Amino acid sequence: LSNLLQKLGPTFIKFGQLLSVRPDIVPKNYCKELEKLQDSVPSFEFKEVKEILEKEFGKSLNELFLHFEKTPIASASISQVHKAILRTGDKVAVKIQRPNIKQIMNTDIEIMAHFAKLLDRHISELRRFKLVEFISEFKQWTERELDFRLEARNAKRFYDNFKGSKTVCIPKVYNEFTTEKVLTLDFIEG
């Protein structure tokens, strides 16, 4: 099941991740299988990473970074993270959205919504799961997750709230290296 969702693409991976924590909707043995999607998503090519960064910031990769690791340190359904060093010498984690992810996910969610309506209309046993509402919530959640500026705002809020804490370390957001598709934070070993 997890392999099938990976082949269907990032939207279905994200959907599978969501279902993996919903034993009220999906049997526990399926939840266990879907949990594999939490940490085993293939990365996308460095060439695409470079293109996205250069398009977002209007500068070459060399103008932006002193060093940029070609191999991601993490890969997820909508993005991947690379370790880099800014021209200032600051070590950072750069989170980059997958190419065309917004368009891909919007199209996939439209298809999911269509099928949810059909299932709701024709299979009365499934109505109790409120599939149309579930897909609508998934769409809203996904739209918010696809705007890294929202994540940056939340990270800044946490950073400000825990500034000076001896027990909690929140990475600093680099505003000048953050857009809707790219989020740059302090790199923290942990």
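Going by the structure above, here's the rest.
Attention in this report is confined to the structure presented alongside it.

## Some details on the overall build of the chain
Part 1 of the argument: Along the chain, the regular secondary structure elements total eight helices and five strands.
Part 2 of the argument: Along its sequence from the N terminus, the chain presents helices and strands in the succession α-α-α-α-α-β-β-β-β-α-α-α-β.
Part 3 of the argument: C-alpha atoms of the chain, sized along the principal axes, occupy 60 × 40 × 25 Å.
Part 4 of the argument: Burial analysis of the chain (190 residues in total) assigns 36% to the buried set.
Part 5 of the argument: The long-range share in the chain, meaning contacts at least 24 apart out of those at least 6 apart in sequence, stands at 55%.
Part 6 of the argument: Taken as a whole, the chain presents about 11700 Å² of accessible surface, with 52% of it coming from carbon and sulfur.

## Remarks on the packing of helix α2 (residues 10-20) against helix α6 (residues 101-122)
Part 1 of the argument: Where α2 meets α6, the axes come as close as 8 Å, and the angle between the chain directions of the two elements is 65 degrees. Of the residues in α6, those in contact with Pro10, Thr11, Phe12, Lys14 and Phe15 of α2 are Ile101, Ile104, Met105, Asp108, Ile109 and Met112.
Part 2 of the argument: In terms of residue class, the contact of α2 with α6 is built from eight nonpolar, one polar and two charged.

## What to know about the nonpolar core
Part 1 of the argument: Within the largest apolar cluster, 18 residues are counted, with the highest numbers of intra-cluster contacts made by Val49, Leu53, Phe65, Phe68, Val92, Val94 and Ile96.
Part 2 of the argument: Looking at this core, the elements with two or more residues in it are α4 (46-57), α5 (61-64), β1 (65-68), β3 (79-86) and β4 (91-97).
Part 3 of the argument: With five residues, α4 is the single largest residue contributor to this core.
Part 4 of the argument: For Val94, the contacting residues outside a window of four places in its chain are Leu53, Phe65, Phe68, Gln80, Val81, His82, Ala84, Val182, Leu183 and Thr184.
Part 5 of the argument: If you look at the next biggest cluster of nonpolar residues, it comprises 17 residues, including Leu19, Leu37, Val41 and Phe138.

## Remarks on the packing of α2 against helix α7 (residues 131-145)
What describes two packed helices is the angle between their axes and the distance between those same axes.
Part 1 of the argument: Remark: α2 packs on α7, axes separated minimally by 12 Å, with the N-to-C direction vectors making an angle of 115 degrees. It follows that α2 is roughly perpendicular to α7 by the angle criterion. Crossing angle aside, the handedness with which α2 passes α7 is right-handed. The segment α2 lies against α7, with Thr11, Lys14, Phe15, Leu18 and Leu19 engaging Phe134, Ile135, Phe138, Trp141 and Glu145.
Part 2 of the argument: Partitioned by chemical class, the residues of the contact of α2 with α7 number seven nonpolar, one polar and two charged.

Reading guide: rules and limits
- Residues numbered from 1 in each chain as written.
- Predicted model: local features only at pLDDT ≥ 70, side-chain atom pairs only at ≥ 80, totals over all residues.
- Heavy atoms only, no water.
- Helix = DSSP H or I, 4+ residues; strand = E, 2+ residues; numbered from the N terminus.
- Buried < 20%, exposed > 50% of the residue type's maximum accessible area, 1.4 Å probe, protein only.
- Contact = heavy atoms within 4.5 Å.
- Areas by Shrake-Rupley, 256 points an atom, 1.4 Å probe, with all protein chains shown as cover.
- Axes fitted to C-alpha atoms, helices over the stretch in contact; angles between N-to-C directions.
- Nonpolar A, V, L, I, M, F, W, Y, C, P; charged D, E, K, R; others polar.
- Core = buried A, V, L, I, M, F, W, Y, C linked by side-chain atoms within 4.5 Å.
- Parallel < 35°, antiparallel > 145°, perpendicular 65-115°, else oblique.
- Left-handed = near helix turned anticlockwise from the far one by under 90°.

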